[in-house]
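Residue-level structure breakdown
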Amino acid sequence: MSYTNFQFNPEVITPVDDLQYSPLDGKYRTAYMVAVSLVYLVLMAAALLLLCLDSVWYCVAMEILLAAAFIINMAILPKAVVYKGYAFREHDLSYRSGIIFPKTITVPYVKVQQVSVKQNPVTKLFGLYTVGIVNGAQEMSMISIPGLTRETAEMIKAWLTDKLRTGHD
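Scanning the model with the defined rule gives 2 salt bridges in all. One salt bridge connects Arg 165 with Asp 162, and the closest N-O pair in it is separated by 3.5 Å. Residue Arg 165 and its partner Asp 162 are located together in helix H4 (residues 150-165), separated by 3 residues, close to a single helical turn.

Okay, here's the thing in C-alpha coordinates:
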(Lines give C-alpha, C1' and ligand atoms only; values in the text may rest on other atoms or scores of the structure.)
Protein backbone atom coordinates (compact mmCIF):
# COMPACT_ATOMS: atom_id res chain seq x y z
CA MET A 1 0.00 0.00 0.00
CA SER A 2 1.57 3.29 -1.01
CA TYR A 3 0.74 6.58 0.58
CA THR A 4 1.36 10.02 -0.79
CA ASN A 5 2.25 13.14 1.11
CA PHE A 6 1.42 15.97 -1.26
CA GLN A 7 1.65 19.52 -0.03
CA PHE A 8 -1.63 21.44 -0.17
CA ASN A 9 -2.19 25.16 -0.30
CA PRO A 10 -4.76 26.01 2.42
CA GLU A 11 -6.35 28.55 0.09
CA VAL A 12 -7.42 25.84 -2.39
CA ILE A 13 -8.74 23.32 0.13
CA THR A 14 -12.55 23.26 0.31
CA PRO A 15 -13.61 24.32 3.82
CA VAL A 16 -16.00 21.93 5.56
CA ASP A 17 -18.63 24.68 5.69
CA ASP A 18 -18.58 24.94 1.88
CA LEU A 19 -19.24 21.25 1.21
CA GLN A 20 -22.38 20.17 -0.61
CA TYR A 21 -24.25 18.47 2.22
CA SER A 22 -26.83 15.81 1.42
CA PRO A 23 -30.14 16.63 3.12
CA LEU A 24 -32.08 14.29 5.36
CA ASP A 25 -35.27 12.64 4.11
CA GLY A 26 -38.30 14.96 4.01
CA LYS A 27 -40.28 12.75 6.42
CA TYR A 28 -37.65 13.36 9.11
CA ARG A 29 -39.08 16.81 9.87
CA THR A 30 -42.48 15.30 10.69
CA ALA A 31 -40.95 12.46 12.69
CA TYR A 32 -38.81 14.91 14.66
CA MET A 33 -41.83 17.15 15.36
CA VAL A 34 -43.79 14.14 16.62
CA ALA A 35 -40.92 13.07 18.89
CA VAL A 36 -40.50 16.58 20.33
CA SER A 37 -44.27 16.88 20.81
CA LEU A 38 -44.31 13.61 22.75
CA VAL A 39 -41.53 14.86 25.03
CA TYR A 40 -43.41 18.09 25.75
CA LEU A 41 -46.62 16.15 26.31
CA VAL A 42 -44.90 14.03 28.96
CA LEU A 43 -43.36 17.12 30.59
CA MET A 44 -46.70 18.91 30.66
CA ALA A 45 -48.38 15.84 32.17
CA ALA A 46 -45.66 15.72 34.82
CA ALA A 47 -46.27 19.39 35.58
CA LEU A 48 -49.95 18.59 36.13
CA LEU A 49 -48.84 16.23 38.89
CA LEU A 50 -47.94 19.36 40.85
CA LEU A 51 -51.68 19.81 41.31
CA CYS A 52 -51.58 16.77 43.56
CA LEU A 53 -49.29 18.77 45.81
CA ASP A 54 -51.81 21.64 45.99
CA SER A 55 -49.45 23.89 44.06
CA VAL A 56 -51.85 25.43 41.56
CA TRP A 57 -49.68 28.48 40.82
CA TYR A 58 -46.57 26.38 40.30
CA CYS A 59 -48.52 24.14 37.97
CA VAL A 60 -49.92 27.07 35.96
CA ALA A 61 -46.50 28.71 35.74
CA MET A 62 -44.86 25.44 34.66
CA GLU A 63 -47.53 24.79 32.02
CA ILE A 64 -47.13 28.33 30.61
CA LEU A 65 -43.35 27.96 30.46
CA LEU A 66 -43.59 24.56 28.79
CA ALA A 67 -46.18 25.83 26.28
CA ALA A 68 -43.95 28.79 25.39
CA ALA A 69 -40.90 26.53 25.03
CA PHE A 70 -42.94 24.16 22.86
CA ILE A 71 -44.05 26.97 20.53
CA ILE A 72 -40.51 28.31 20.20
CA ASN A 73 -39.15 24.82 19.60
CA MET A 74 -41.74 24.11 16.90
CA ALA A 75 -40.90 27.41 15.17
CA ILE A 76 -37.15 26.67 15.12
CA LEU A 77 -37.36 22.94 14.42
CA PRO A 78 -38.08 23.08 10.64
CA LYS A 79 -35.06 25.31 10.04
CA ALA A 80 -32.88 23.04 12.16
CA VAL A 81 -33.91 19.98 10.16
CA VAL A 82 -33.17 21.71 6.84
CA TYR A 83 -29.70 22.69 8.09
CA LYS A 84 -28.75 19.13 9.06
CA GLY A 85 -26.80 17.20 6.46
CA TYR A 86 -23.92 14.89 5.72
CA ALA A 87 -21.09 14.83 3.19
CA PHE A 88 -18.58 12.19 2.16
CA ARG A 89 -15.15 13.06 0.82
CA GLU A 90 -12.23 10.93 -0.23
CA HIS A 91 -10.77 10.50 3.27
CA ASP A 92 -13.48 11.66 5.69
CA LEU A 93 -17.15 12.25 6.36
CA SER A 94 -18.80 15.34 7.82
CA TYR A 95 -22.12 15.84 9.60
CA ARG A 96 -23.53 19.24 10.47
CA SER A 97 -26.39 20.22 12.73
CA GLY A 98 -27.67 23.05 14.91
CA ILE A 99 -28.80 26.48 13.82
CA ILE A 100 -28.47 28.27 17.16
CA PHE A 101 -25.23 26.50 18.04
CA PRO A 102 -23.99 25.16 14.68
CA LYS A 103 -21.72 22.15 14.85
CA THR A 104 -19.87 20.28 12.14
CA ILE A 105 -18.20 16.99 12.97
CA THR A 106 -15.65 15.60 10.53
CA VAL A 107 -14.28 12.10 11.04
CA PRO A 108 -11.48 10.56 8.98
CA TYR A 109 -12.33 7.04 7.81
CA VAL A 110 -9.23 5.75 9.63
CA LYS A 111 -10.94 6.65 12.93
CA VAL A 112 -14.21 4.80 12.18
CA GLN A 113 -14.49 1.71 14.36
CA GLN A 114 -18.11 0.60 14.03
CA VAL A 115 -21.16 1.37 11.89
CA SER A 116 -24.76 0.50 12.75
CA VAL A 117 -28.23 1.16 11.38
CA LYS A 118 -31.03 1.66 13.89
CA GLN A 119 -34.53 3.01 14.46
CA ASN A 120 -36.51 4.30 17.40
CA PRO A 121 -40.28 3.87 17.80
CA VAL A 122 -41.14 7.25 16.23
CA THR A 123 -38.82 6.95 13.21
CA LYS A 124 -40.05 3.40 12.69
CA LEU A 125 -43.57 4.79 12.11
CA PHE A 126 -42.15 6.95 9.31
CA GLY A 127 -39.84 4.29 7.86
CA LEU A 128 -36.70 6.27 8.73
CA TYR A 129 -33.33 5.06 9.98
CA THR A 130 -30.26 6.45 11.74
CA VAL A 131 -26.69 5.48 10.92
CA GLY A 132 -24.55 5.36 14.06
CA ILE A 133 -20.82 5.75 13.54
CA VAL A 134 -18.46 4.99 16.42
CA ASN A 135 -15.07 6.58 15.98
CA GLY A 136 -11.78 6.59 17.85
CA ALA A 137 -11.87 10.29 18.66
CA GLN A 138 -11.59 11.17 22.32
CA GLU A 139 -14.27 13.84 22.48
CA MET A 140 -16.95 12.65 20.08
CA SER A 141 -17.15 8.88 20.19
CA MET A 142 -20.42 8.58 18.26
CA ILE A 143 -21.96 10.36 15.30
CA SER A 144 -25.59 9.74 14.40
CA ILE A 145 -26.94 10.64 10.98
CA PRO A 146 -30.75 10.55 11.40
CA GLY A 147 -33.62 10.83 8.94
CA LEU A 148 -32.44 8.39 6.27
CA THR A 149 -34.40 6.00 4.13
CA ARG A 150 -33.53 2.33 4.53
CA GLU A 151 -31.74 2.29 1.17
CA THR A 152 -29.61 5.34 2.02
CA ALA A 153 -28.79 4.04 5.50
CA GLU A 154 -27.75 0.64 4.14
CA MET A 155 -25.70 2.30 1.37
CA ILE A 156 -23.84 4.47 3.90
CA LYS A 157 -23.24 1.47 6.15
CA ALA A 158 -21.94 -0.59 3.22
CA TRP A 159 -19.68 2.28 2.10
CA LEU A 160 -18.18 2.75 5.57
CA THR A 161 -17.90 -0.99 6.24
CA ASP A 162 -16.03 -1.36 2.95
CA LYS A 163 -13.69 1.45 4.04
CA LEU A 164 -13.07 -0.44 7.30
CA ARG A 165 -12.46 -3.74 5.50
CA THR A 166 -10.14 -2.34 2.83
CA GLY A 167 -7.95 -0.41 5.22
CA HIS A 168 -9.46 3.07 4.64
CA ASP A 169 -8.03 3.55 1.15
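This paragraph deals with the sheet that holds strand E4 (residues 103-108). With respect to topology, 4 strands assemble into an open sheet ordered E1-E2-E3-E4, the strand pairing being antiparallel. Among the strands making up the open sheet, the edge pair consists of strand E1 (22-23) and E4. The sheet contact formed by strand E3 (residues 92-97) and E4 spans 6 bridges and is antiparallel. Bridge pairing in E4 places Ser 94 opposite Thr 106. Helix-sheet contacts for H4 involve strand E2 (85-88) and E3, and the interaxial angle to E2 is about 35°.

What counts, and at which threshold
Residues numbered from 1 in each chain as written. Predicted model: local features only at pLDDT ≥ 70, side-chain atom pairs only at ≥ 80, totals over all residues. Heavy atoms only, no water. Salt bridge = Lys/Arg side-chain N within 4 Å of Asp/Glu carboxyl O. Helix = DSSP H or I, 4+ residues; strand = E, 2+ residues; numbered from the N terminus. Pairing = 2+ DSSP bridges. Contact = heavy atoms within 4.5 Å. Axes fitted to C-alpha atoms, helices over the stretch in contact; angles between N-to-C directions.

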